[in-house]
Amino acid sequence: MEADIFTKRIKDLSTEERERLDEQNKRLVPEFKANKLEIDAQRHWDLFYKRNETRFFKDRHWTTREFQELLADQQCTSTGARRRTLLEVGCGVGNLVFPLLEEQIKEQSSNQGFYFYACDFSPRAVDFVRANPLYDAKHMTVFQCDITTQQVHEHIAASSLDVCTMIFVLSAIHPDKFADVVRNLWHLLKPGGLVLFRDYGLYDMAQLRFKPGHKIAENLYMRQDGTRSYYFSELQLAQLFIQNGFEVLDNSYVHRRTLNLKEGIDVPRIFLQGKFRKAAAS
Ligand SMILES: C[S@@+](CC[C@H](N)C(=O)[O-])C[C@H]1O[C@@H](n2cnc3c(N)ncnc32)[C@H](O)[C@@H]1O
């Protein structure tokens, strides 16, 4: 079964791509270094934000197109005009939450939209969110936490959230801790609450591009700056959520292109996008 998870899409690969994956296996990250990367994970992300400040990630304006549940005027009819609650896990500098908040303020919709919680591992990222002119405790609370631990439960009550978003975050976490993260989200969500997920898909071009010396474990790699990235298969993600009390509503690869006309970049990308619901009776 385990083998199927990772070989399901291998047939799509060209000979050259298979060769590149084989090359990566010739020199793995040594075990002591892999362990150190895990110990220093927070430091590496904090240094990332020290270097890049708010410049690295673009605002994610596509989220309401892909996930209708994020539209400010989408109201749970069963709850009348109740304000919904959303946690953005691994929020970085707020590229997902601020566009949503801006839209919500602009629309001044008849219902009250979301109250946002946002958390990140990196204290610097959290400071950048707090320093954003749109940050207002009336609409949002940001806090520092490691989502693989129990820290988040000091900030948010159990069974209180309508939505959790995880956008390119789980890939930054060691696979041994994926289940801890998903169980945490399960405890925070109300029955019927949703996890909205997008992350790197198996054999995305960023995975195929790694040179020997960067692979840590199956589908887990180290970047130059010490941050890590994992590449997910559909089946593996579905299993992760099902085994931890969720139903799968959507889970599929999305094919996009990264375009930068100025730098002449136009490359195909593979992401995995999912929607998972906390099972009512689990
Ligand atoms: C690739 S960035 C994505 C940021 C943001 N979600 C976005 O889409 O722009 C990954 C983020 O996950 C955060 N992160 C990594 N490990 C984490 C952990 N264990 N707990 C909370 N956040 C974590 C990092 O600090 C970083 O901000």
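- As named in an unreviewed UniProt entry, the chain is tRNA N(3)-methylcytidine methyltransferase, taken from Drosophila virilis.
- In its Catalytic activity (unreviewed entry) section, the UniProt record describing the chain reads: "cytidine(32) in tRNA(Ser) + S-adenosyl-L-methionine = N(3)-methylcytidine(32) in tRNA(Ser) + S-adenosyl-L-homocysteine + H(+)".
- Its UniProt record gives the chain the following Subunit (unreviewed entry) comment, quoted word for word: "Monomer. Interacts with SARS1/SerRS; interaction is mediated via tRNA(Ser) and is required for N(3)-methylcytidine methylation."

1. A closer look at the overall build of the chain
At step 1: Looking only at helices and strands, one finds ten helices and ten strands in the chain.
At step 2: Taken against the 2.2 N^0.38 rule, which gives 19 Å for 282 residues, the C-alpha radius of gyration of the chain at 19 Å falls within 12% of a compact globule.
At step 3: Expressed as lengths along the three principal axes of its C-alpha atoms, the size of the chain is roughly 55 × 40 × 40 Å.
At step 4: Across the 282 residues that make up the chain, the buried fraction comes to 51%.
At step 5: Expressed as a percentage of contacts within the chain between residues at least 6 apart in sequence, the contacts between residues at least 24 apart total 75%.

2. Regarding the environment of Val254
At step 1: Along the chain, Val254 turns up in strand β9 (residues 246–260).
At step 2: Residues Val254 and Ile270, 16 residues apart in the sequence, show an inter-C-alpha distance of 5.8 Å.
At step 3: In this view, Val254 contacts Arg198, Arg269, Ile270, Phe271 and Gln273; residues no more than four positions away in its chain are not counted.

3. Quick look at the nonpolar core
At step 1: Within the largest apolar cluster, 75 residues are counted, with the highest numbers of intra-cluster contacts made by Leu87, Met166, Leu170, Val195 and Phe241.
At step 2: Sequence-distant contacts of Met166, defined by excluding residues within four places in its chain, comprise Glu88, Val89, Val181, Leu185, Val195, Leu196, Phe197, Arg198 and Phe241.
At step 3: Trp45, Phe48, Val93 and Ala172 belong to the second-largest nonpolar core, a separate cluster that totals six residues.

4. Notes on the pairing of strand β5 (residues 189–200)
At step 1: With nine of twelve residues buried, β5 is to be regarded as a mostly interior element.
At step 2: Pairing between strand β4 (residues 161–167) and β5: six bridges, direction parallel. Pairing of Thr165 across the sheet is with Leu196, part of β5.
At step 3: After leaving β4, the chain enters helix α8 (residues 178–188) and then returns to the sheet as β5, a path that is right-handed.
At step 4: Pairing of β5 with strand β10 (residues 265–278) involves seven bridges; the strand directions are antiparallel. Considered in β10, the bridge of Phe197 is made with Gly274.

5. Describing the confidence of the model for the chain
At step 1: Looking at the chain as a whole, the pLDDT averages 89, with 90% of positions reaching at least 70.
At step 2: Interface confidence for the predicted complex, given as ipTM, is 0.98, next to a pTM of 0.92.

6. Details of the site of the ligand
At step 1: Lining the immediate environment of the ligand, one finds 20 residues, of which Tyr49, Arg60, Gly90, Asp120 and Asp146 sit closest.
At step 2: Contact between the ligand and Gly90: a nitrogen atom at 2.8 Å from a main-chain N or O atom of the residue.
At step 3: Residue Ile147 places a main-chain N or O atom 3.0 Å away from a nitrogen atom belonging to the ligand.
At step 4: Relative to its unbound accessible surface of 600 Å², the ligand loses 98% to contact with the protein.

7. Description of the sheet that holds strand β8 (residues 228–230)
At step 1: The sheet built from three strands is open, its strands ordered β6-β7-β8 with antiparallel pairing. The open sheet terminates on both sides in strands that have one partner only, identified here as β6 (215–217) and β8. The sheet shows a mean angle of 30° between the axes of neighbouring strands, direction not considered.
At step 2: When strand β7 (residues 220–222) meets β8, the two strands line up antiparallel, connected through three bridges. When the sheet's bridge partners are listed, Met222 is paired in β8 with Arg228.

8. Here's the deal with the pattern of salt bridges
At step 1: What the rule picks out here adds up to 22 salt bridges.
At step 2: Glu69 is the partner of Lys275 in a salt bridge, and the nearest nitrogen-oxygen pair spans 2.7 Å. Taken as a pair, Lys275 in strand β10 and Glu69 in the loop between α5 (63–66) and β1 (84–89) lie far apart in primary sequence, 206 residues in all.
At step 3: With relative accessibility at 18%, the residue Glu69 sits in the buried group.
At step 4: The salt bridge involving Asp204 is made with Arg269; its shortest N-O contact spans 2.6 Å. Here Arg269 lies in strand β10 and Asp204 lies in the loop between β5 and α9 (205–208), a separation of 65 residues in the sequence. Like Arg269, Asp204 is buried.

Basis of the calculations
- Residues numbered from 1 in each chain as written.
- Predicted model: local features only at pLDDT ≥ 70, side-chain atom pairs only at ≥ 80, totals over all residues.
- Heavy atoms only, no water.
- UniProt positions renumbered as here; feature names shortened; annotations may be inferred.
- Helix = DSSP H or I, 4+ residues; strand = E, 2+ residues; numbered from the N terminus.
- Rg over C-alpha atoms; globule rule 2.2 N^0.38 Å.
- Buried < 20%, exposed > 50% of the residue type's maximum accessible area, 1.4 Å probe, protein only.
- Contact = heavy atoms within 4.5 Å.
- Core = buried A, V, L, I, M, F, W, Y, C linked by side-chain atoms within 4.5 Å.
- Pairing = 2+ DSSP bridges.
- Right-handed = clockwise from strand over helix to strand, strands pointing away.
- pLDDT = per-residue confidence, 0-100.
- Near = heavy atom within 4 Å.
- Polar contact = N/O pair within 3.5 Å; in protein donor to acceptor, adjacent residues only side chain to side chain.
- Areas by Shrake-Rupley, 256 points an atom, 1.4 Å probe, with all protein chains shown as cover.
- Axes fitted to C-alpha atoms, helices over the stretch in contact; angles between N-to-C directions.
- Salt bridge = Lys/Arg side-chain N within 4 Å of Asp/Glu carboxyl O.

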